[in-house]
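# An overview of the molecular structure
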Amino acid sequence: MKTVRKKFLAPSILAGNHANLSEALKTADEDGRKWIHLDIMDGHFVPNLSFGPQTVSDLRKHSDIFFDVHLMLDQPDLYIDPFVAAGADLISIHLEPKYDHSAALLKIRQAGIKNGIVINPDTEVDGLIPFLDQVDLVLFMTVFPGFGGQKFIENVLGKVSRIAQIRDSSDFDFLIEVDGGVGPDSIQPCLEAGVDVFVAGTAYYKLNAADRKSFAHTIEAS
Ligand code: DX5
Ligand code: ZN
């Protein structure tokens, strides 16, 4: 029997005011969102820095919302413990750097939270296949990671479709997430490709409260 997965929007706090990130969290909470996406950048794997476990831990005190933590790090395996302790509910790690991916994915699950694997727009999709039985989420970057506010790269959706087809014809049960440049215009093609979780930073936070709700509802009503 085909699994029915609820589709939903996960606001990306990166687009908030970094002098007051709890405000961006409150916006998502008041809007009724169930997940918030938190981008961690190390200045090596991506050409930017964001924030670390201290910030995540301080934000955790303001909300019970699901913390979807996306590690853009050269050595994500070294930072699993601090982000688990900070209150992450899911930690996703990139396929591209060299480390023991299976061990890191297992370590995240053994900490009692969900795990995810991520690929950049130019990474071969087949590299994901060995990990599909080990993950709760597969994240497809629809921009080159490092900065919010970039343009959605639509041809990534071919890779999404491929992984969604593999999922549909197997017992695998992970969510498919897209991240980068996602806005109201990308909803339909993403839905057709098989996306479940829509990360949106710039497009979400620039809207007024009513338009934010309708953005989220368009996804959730599908
Ligand atoms: C990009 C980050 C994204 C980013 C998305 O490096 O991983 O999560 O916050 O932001 P927008 O929606 O502005 O592209
Ligand atoms: Zn992200």
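Below is a short write-up of the structure. Predicted, not measured: the structure shown is a model, and the values here were computed from it. (Residues numbered from 1 in each chain as written. Chains lettered and ligands numbered in written order. Predicted model: local features only at pLDDT ≥ 70, side-chain atom pairs only at ≥ 80, totals over all residues. Heavy atoms only, no water.)

Now for the coordination of the zinc ion (ligand 2). Note on metal geometry: ideal angles are 109.5 degrees for four donors arranged tetrahedrally and 90 or 180 degrees for six donors arranged octahedrally. Every protein donor of the zinc ion (ligand 2) is accounted for by His37 (NE2), Asp39 (OD), His70 (ND1) and Asp179 (OD), and the metal-donor separations fall at 2.0 to 2.2 Å. Mapped onto the sequence, the residues coordinating the zinc ion (ligand 2) show the spacing H-x1-D-x30-H-x108-D. Taken together, the residues Asp39 in strand 2 (residues 35-41) and Asp179 in strand 7 (residues 175-179) connect sequence positions 140 residues apart. There is no split in this pair, since Asp39 and Asp179 are both buried. (Donors = N, O, S within 2.8 Å, 3.2 Å for Na, K, Ca; no water. Helix = DSSP H or I, 4+ residues; strand = E, 2+ residues; numbered from the N terminus. Buried < 20%, exposed > 50% of the residue type's maximum accessible area, 1.4 Å probe, protein only.)

Counting buried positions along strand 4 (residues 90-94) yields five of five residues, so the element is predominantly enclosed. By the alternation rule, side chains of strand 4 split into Leu90, Ser92 and His94 and Ile91 and Ile93, which are all buried. Where strand 3 (residues 66-72) lies against strand 4, four bridges are found, and the strand directions are parallel. Opposite Val69, over in strand 4, you have Ile91 as the bridge partner. The pairing of strand 4 with strand 5 (residues 114-119) spans five bridges and is parallel. Within the sheet, the bridge partner assigned to Ser92 lies in strand 5 and is Gly116. Taking the sense of rotation as the criterion, the β-α-β connection linking strand 4, helix 4 (residues 101-110) and strand 5 turns out right-handed. (Pairing = 2+ DSSP bridges. Right-handed = clockwise from strand over helix to strand, strands pointing away.)

Centre-to-centre distance and the angle between the planes together describe a pair of aromatic rings. Applying the stated criterion to the full structure yields four aromatic pairs. With a centroid separation of 4.9 Å and an interplanar angle of 90°, the aromatic rings of Tyr204 and Tyr205 are classed as edge-to-face. The same class applies to Tyr204 as to Tyr205, namely buried. The rings of Phe8, Trp35 and Phe66 are connected pair by pair, giving a single aromatic cluster. Taking the ring centre of Phe67 as reference, the NZ or CZ of Arg60 above it sits at 3.7 Å. (Phe/Tyr/Trp six-rings, centres within 6.5 Å; stacked < 30°, edge-to-face > 60°. Lys NZ or Arg CZ within 6 Å of the ring centre and 35° of its normal.)

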